[in-house]
Amino acid sequence: MTLKLNRRQFLKAAGAAALGLSLDLRFLLQARAEPMLISDYRSWEDLYRQKWTWDKIARSSHSINCTGSCSWKVFVKDGIIWREEQAADYPAISPDIPDLNPRGCNKGACYVEYVHGDQRVKYPLKRAGARGEGKWQRISWDQALTEIADKILDILQDYGPDYLTFFSPIPAMSPVSYAAGGRLATLLGGVICSFYDWYCDLPPGEPITWGVQTDTAEAADWVHSRYIVLWGSNPNVTRIPDAHFLWEAKYRGAKVVSISPDYNPSSIHADLWVGIKPGTDAALALAMAHVIVKEKLYDEPYVKEQTDLPLLVRLDNKRFLRESDLTENGSEERFYVWDRKTQSARLVPGSTGSEQKTLELGDLDPVLEGTFKVQTLQGEVEVTTVFELLKRSLEKFTPEAMAKECGVHASVIERLAREFAQTKPAMIIHGAGTNHWYHNDLNNRSMILLVALTGNVGKRGGGFNHYVGQEKIWPIAGWKKLAFPRPKKRFQNTTLWSYVHGEIDDRLRGTEWDPWPYIEESVKKGWMPLYPKGRNGKLYDDPKALIVWRGNYLNQAKGNEQLLRNLWPKLELIVDINHRMDATALYSDYVLPAATSYEKYDLNSSDLHTFIHPLTPAVEPMFEAKSDWQIFRALAKKIEERAKARGFTRYRDEDFGVEVDLSTLEAQFTDNGKLVDDKAAAQFILDNADETRGIQFDELIQQPRRFKAASEHWTSDVEPGKTYAPFLRMTEKKHPYPTLTGRQQFYIDHPWFIELGEELPTYKPPLEIEKYPLRWNTPHGRWNIHSTWRDVKYMLRLNRGMPVVYLNPEDARERGIRDGDMVRVFNDFGDLVANARIYPNAPRGQITMYHGWELYQFPDRSNFQATVPIRIKPTQLVRYGHLKFALNYWGPTGVNRDVRVDVEKVS
Amino acid sequence: MPVEPLNQEELLQSDRQLAMVLDLNKCIGCQTCTMACKMLWTRYEGMEHMYWNNVETHPGRGYPKDWQRRGGGFKDGRAVKGDLPPLDDYGRAWEYDYQGVLFEGKSPNIQPDEGHPRWGPNWEEDQGAGFYPNSFYFYFPRLCNHCSRPACVLACPRSALYKRREDGSVVLNEERCHGYRFCIEACPYDKIYWNAVRKISQKCIFCYPRVEQGIPQACAAQCVGRIRFVGFLDDEDGPVYKLVKRWKVALPLHPEFETEPNVFYIPPLSPPRFNEDGTLNDQPRIPEGYLLWLFGPRVREALATLKRELEKVQNGGRSELMELLQARSYKDLFKLDRPPNPKFNEYACASCAIAQDCTSPLKARTAGAGLRVLARTGRG
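Residues numbered from 1 in each chain as written. Chains lettered and ligands numbered in written order. Predicted model: local features only at pLDDT ≥ 70, side-chain atom pairs only at ≥ 80, totals over all residues. Heavy atoms only, no water.

1. Some remarks on the interface of chain B and chain A
How big an interface is tends to be reported as the loss of accessible area on association of its parts. Note the following rule: We call two residues contacting when some pair of their heavy atoms lies within 4.5 Å. In this description, buried area is defined as the sum, over both parts, of the accessible area (probe of 1.4 Å) that is lost when the two are combined. Just to be clear on terms, a salt bridge is a Lys or Arg side-chain nitrogen sitting within 4 Å of an Asp or Glu carboxyl oxygen. Helix and strand assignments come from DSSP, with helices taken as H or I runs of at least 4 residues and strands as E runs of at least 2, each series counted from the N terminus. Throughout this entry, Asp, Glu, Lys and Arg are counted as charged residues, while Ala, Val, Leu, Ile, Met, Phe, Trp, Tyr, Cys and Pro are counted as nonpolar. The remaining residues, Gly among them, count as polar.
Opposite the 149 residues of chain B that make contact, chain A presents 157 residues. Of all residues in chain B, the largest losses of buried area upon contact with chain A belong to R43, Y132 and Y347 of chain B, amounting jointly to 6% of the total for that side. One can count 13 salt bridges joining chain B with chain A. One salt bridge connects E248 of chain A with R226 of chain B, and the closest N-O pair in it is separated by 2.9 Å. If you tally residues by element for the side of chain B that touches chain A, the top one is helix α2 (residues 32–41) of chain B, at seven residues. Looking at side-chain class alone, the side of chain B that touches chain A contains 79 nonpolar, 36 polar and 34 charged residues.

2. Considering the pairing of strand β6 (residues 164–167) of chain A
Residues and elements named next belong to chain A. Operational definition: Three exposure classes are used, based on accessible area relative to the maximum for each residue type with a 1.4 Å probe and protein chains only: buried under 20%, partly exposed in between, and exposed over 50%. Following DSSP output, two strands are said to pair if at least two bridges run between them.
Taking every second residue as pointing to the same face, both faces of β6 are buried, with L164 and F166 on one and T165 and F167 on the other. In terms of strand pairing, β6 meets strand β19 (residues 545–549) through four bridges, oriented parallel. Bridge pairing links F166 to I547 in β19. By the bridge criterion, two bridges tie β6 to strand β7 (residues 191–193) in an arrangement that is parallel.

3. Observations concerning the sheet that holds strand β31 (residues 846–848) of chain A
Residue and element names in this part refer to chain A. Short version of the rule: Axes here refer to lines fitted to C-alpha atoms; in helices the fit is confined to the stretch in contact. Angles between the N-to-C directions go from 0 to 180 degrees.
Sheet architecture is closed into a barrel: six strands sit in the order β27-β31-β28-β30-β29-β32, paired in mixed fashion. In this sheet, adjacent strand axes meet at a mean angle of 45° when their direction is disregarded. Relative to β31, strand β27 (residues 774–777) is paired through three bridges, and the arrangement is parallel. Residue pairing for β31: W776 is matched across the bridge by I847.

4. Concerning the confidence of the model for chain A
Detailed reading of predicted coordinates is not advised where the pLDDT is low. The test is simple: The score called pLDDT rates the predictor's confidence residue by residue, from a low of 0 to a high of 100.
Per-residue pLDDT for chain A averages 95, and the proportion of residues at 70 or more is 96%. Scored below 50 in pLDDT, residues 5–33 of chain A makes 37 contacts in the model with residues more than four places away or belonging to other chains.

5. Considering the sheet that holds strand β1 (residues 56–60) of chain A
Residue and element names in this part refer to chain A. One open sheet accounts for three strands, arranged β1-β2-β3; its pairing is antiparallel. Where the open sheet ends on each side, the last strands, each with one partner, are β1 and β3 (80–86). Neighbouring strand axes in the sheet, compared pairwise and without regard to direction, differ in orientation by 30° on average.

6. Notes on the environment of L394 of chain A
Residue and element names in this part refer to chain A. Relative to the helices and strands, L394 is located in helix α14 (residues 386–394). Along the backbone, L394 and V291 are 103 residues apart, and their C-alpha atoms lie at a distance of 9.2 Å. When sequence neighbours within four positions are dropped, the list of residues in contact with L394 reads L286, A289, H290 and V293.

7. Quick notes on the packing of helix α7 (residues 175–188) of chain A against helix α25 (residues 628–646) of chain A
Helix packing geometry: the angle between the two helix axes and the distance between the axes. Residues and elements named next belong to chain A. Just so we agree on the cut-off: Orientation categories follow fixed angle ranges, with anything under 35 degrees roughly parallel, anything over 145 roughly antiparallel, 65 to 115 roughly perpendicular, and all other angles oblique.
Put simply, α7 and α25 touch, their axes get as near as 7 Å, and they point 20° apart. With respect to α25, the axis of α7 lies roughly parallel. Each of V176, S177, A179, A180, G181, R183, L184 and L188 in α7 lies in contact with α25, whose residues at this interface are D628, W629, F632, L635, A636 and I639. When the residues that make up the contact of α7 with α25 are grouped by side-chain class, the tally is 10 nonpolar, two polar and two charged.

8. Considering the pattern of salt bridges
Evaluated as defined, the whole model comprises 117 salt bridges over all chains. Measuring nitrogen to oxygen at the nearest pair gives 2.8 Å for the salt bridge that ties R42 of chain A to E166 of chain B. Of this pair, R42 of chain A sits in the loop between α3 (38–41) and α4 (46–51) while E166 of chain B sits in the loop between β6 (161–163) and β7 (170–172), placing the two residues on different chains. Among the residues examined, E166 of chain B registers a relative accessible area of 35% and is labelled partly exposed. The partner of K312 of chain B in a salt bridge is E309 of chain B, with the nearest N and O atoms 3.1 Å apart. Of the two residues, K312 of chain B and E309 of chain B both sit in helix α11 (residues 298–314), three residues apart, roughly one turn of that helix. On the accessibility criterion, E309 of chain B (1% relative accessible area) is buried. Bridged by salt links that share partners, the residues R42, E45, D46 and R49 of chain A together with R164, E166, D167 and E212 of chain B form one connected network.

In structure tokens form, the structure reads like this:
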């Protein structure tokens, strides 16, 4: 929106124009001599004083997947939202810790453009051309809801509830709005898709090693560190509201090291930048581990108590030595160490099968090294410790050998290893730069190994802190109760769903990484769900409907061209609920106008801090928009109405063994009228979670509030005056980790892990499938949160106004490409056109496009995912101990970056 | 209000000087400051290309293009001729046809109305100079320097520019301005802009309406990197005095322009370079010569002080300078010598916008005709 001059300003401007533009000297002299009083002379200053006025301030935030969770003031003038400014009133955690203010960013500072901008969806729209053509018919809410409800009923009648698919990401940014669709999906028995694994934000190494989805320190905790490694993480760009804590940590004496292939915007303030070859991070981490083990720089008492490194492993079958190996009816979930005092294998407490729920070793004195003989039910077997196996496995990861792999000089590797081990507390801040690779689990596990060996996990200022995506929803119990009001749900890993229904060609068939045999086994054994369930012996059936809200599934999907080609035709109904016309909306059948973040009530929280604050409506929803809660409530009501009219009010959900009653659907949705309002739904969340019980929604409007407690979902308490850092319950209270062994588990004895040689953290080079010279890098950018704000003109004007790729100068010169040229990026999967930026800070062989550009920002509608397939790693399909499928906790991640491309100039 | 005659001397005098320090070692180039300023002051017609506050990547040609080589200011006390940058050197504020592409199916993609842009206010973002792996760059936020010897004030034949007596902010009287643009030529920092719709020049006002109410400038108050300190230069208890006068780590940009800026910068440190064999070299990546060009010879002492104090805290010691730069409390960044107007934090009651039976006086003013007009026309 360009603001118009008001009448008074316009008259002045017109007057100035009439007098101006004369460079007549006589006039100049006359002007100088004009008598003037200083009070009159300065009266013009009122012009700007009057501009800085408003009628009211509302507190809101942005329902955006950025982990920012920033509280903002929204200024309203003459009934119109004028601008926003950070509320900057988070209470300090303690006087010693820098506060969070003024939390916000460049994008939050122009969110108002989404309220008034031309991309706004104002009315219910029905497709009037082909999908994606951009031709629409404006229809009434009643018509839209009736047609959608009828189609949903058709699908329920003809197929079943698992043919209805619901996708929405990131409840933390607006849990009520998420819960709206989740609630209707649950009541109908529809499929609820994951997002954290699908976006490849889930670090699989965390469930593998710690049995948690992700647990990280809040950003304020960084200031307690003395040594911070930014590893594949670029907080100056991707964590704008938090970056100050890093540089404040530096002013408190921390050393900051940045490890990244390019000299990125966070590296510029680091004490040391280490340029690494893309995708080789585990090689560097394991070379550091090699030095730490060889030079005995590890924390021996810590690893004995907190990790599985002292546990015994059978050398004959590579499996843990279990109680069931030694005694009849012994547990599969109890494990042994070799006790120095008694020189015998003794059970350790804390494992899943152990009755002692503690990590306290008592009188046990486990050894870390050596080989021992144990009498099992099958006879004598040789056993050793996980540590011994690790030590042997690390032998080959010398700094010299790994220097060749990762491009970091051996002397630098040694220095990093020693400094990291000897400066405490030390932490790794981990990002998508290392998590978006095919072997992301190995990257994670190798780095977690470093922080565990050095005793940094479960310490403030220490640990492996992964910040990608916004998985953490603090008042989780309240949100779950609102979003999924039935005990049985159809949760689906979206990676697998998109991969099979999109018939993704990943070029892995016939290679060692062909996922199909593993997928079939995993689905057949019930390790991973796959909806719709196959009928007549088929593994799966085709989905019929996709309902998307609060997200841009299509635009951000890896392999989105293949999804449009293969998945889209299978879908008889695509509904998008949105305040703006994003790519998914553009390719939908119906688009329903949603309220923006400044037009509704909701809550907002993040894993980067421990405060909660609200979204509130600065104005009523504009045009015909409604909040997500009201849209799904209206849809529930309409389904009920149409079901009654059609005489189809009940159906039996065989898998769940329940009768679904459509004749009372609205009452079920609102819990008999208790949850009619958005605000009531928000209060319901607050009331039903330990973190927020007792907080009234209206209190949050006055000031953000810190969480009052942390439920069992977390690994530490929220303590007044102290920062939140994970795993303190394990180190301070000796609670076991939620893993099979109850310890930080580096050894996974699932047969697939053993078959692939990944029972321990190891290094495998990045994939070499496509025969192209450049690695395609699609990191998170400064001007966008995924696709949000990519289309906003205020942001576009501050970069190049169109999609841009970053090229090393030599790579560009070889191809005759100059800065500002238009170029084509291509591989076997697809191609795209962008503006070329010559970027001296990139190594040769890497080409970067900060992600999120909408399909409709490219002339041929091919975006950054056109060159990317979905690739599924077998180890992420298993079921093992603590590794069971759960929504956004365990499932394949799909990865974005392990592809190669080339680039050429377009004329 | 005292009645005084207006004269040139009067326009240059101020009783106190409000100043700003920007810590380049904390600047993350996020441009929240740029947006804060844009959304508050320069969204009006004719101002689309203006960024009173901008952030550019150094080394680079900047905004407007090559501003450092376009003249203005003084040399040995004599005015240096400057020029008027054409609009293309600022970059055109691109518009996009969202309506046609997204709602009418007219073409496949939104694109800048300029076609193939060749320049913009942040065109060289993150590029810098040098060769991998020893390339270098850093972010440089710029606003009007509110100089003590403002070339713009002296150049204006209309006496339309002046320093505000109470805080030394340099402002441009938009009612007196006749659009001669001598000020644009005179400013060596190119921080005055031409409004082709209103036919006047416009510039940063140092957010005087906010400062008068005890609220820091939008670019400073909204700086999420917490790099900006604001205070009066004569206030010995204020952060600005301490950084500029006592610790001498904050320096004016291009002091050789002789305009005596009141915006100061803490110069950037940088990580070490690599030798050809991949081993580390202890030399900083940013060549000293580049920093000397920007800040003059005093930069050596400033960098040495920063390094010495950093080493103190790295070795477990304490440093008053590091405490100051850390600024634990957001409020410590600013000292305006007057309490903030509480109205600035007055939140509307929860149900204000939607409850029908609300009795708040705010209600009448917010649910008025504006919304309905907006809804009917469908235009923001």
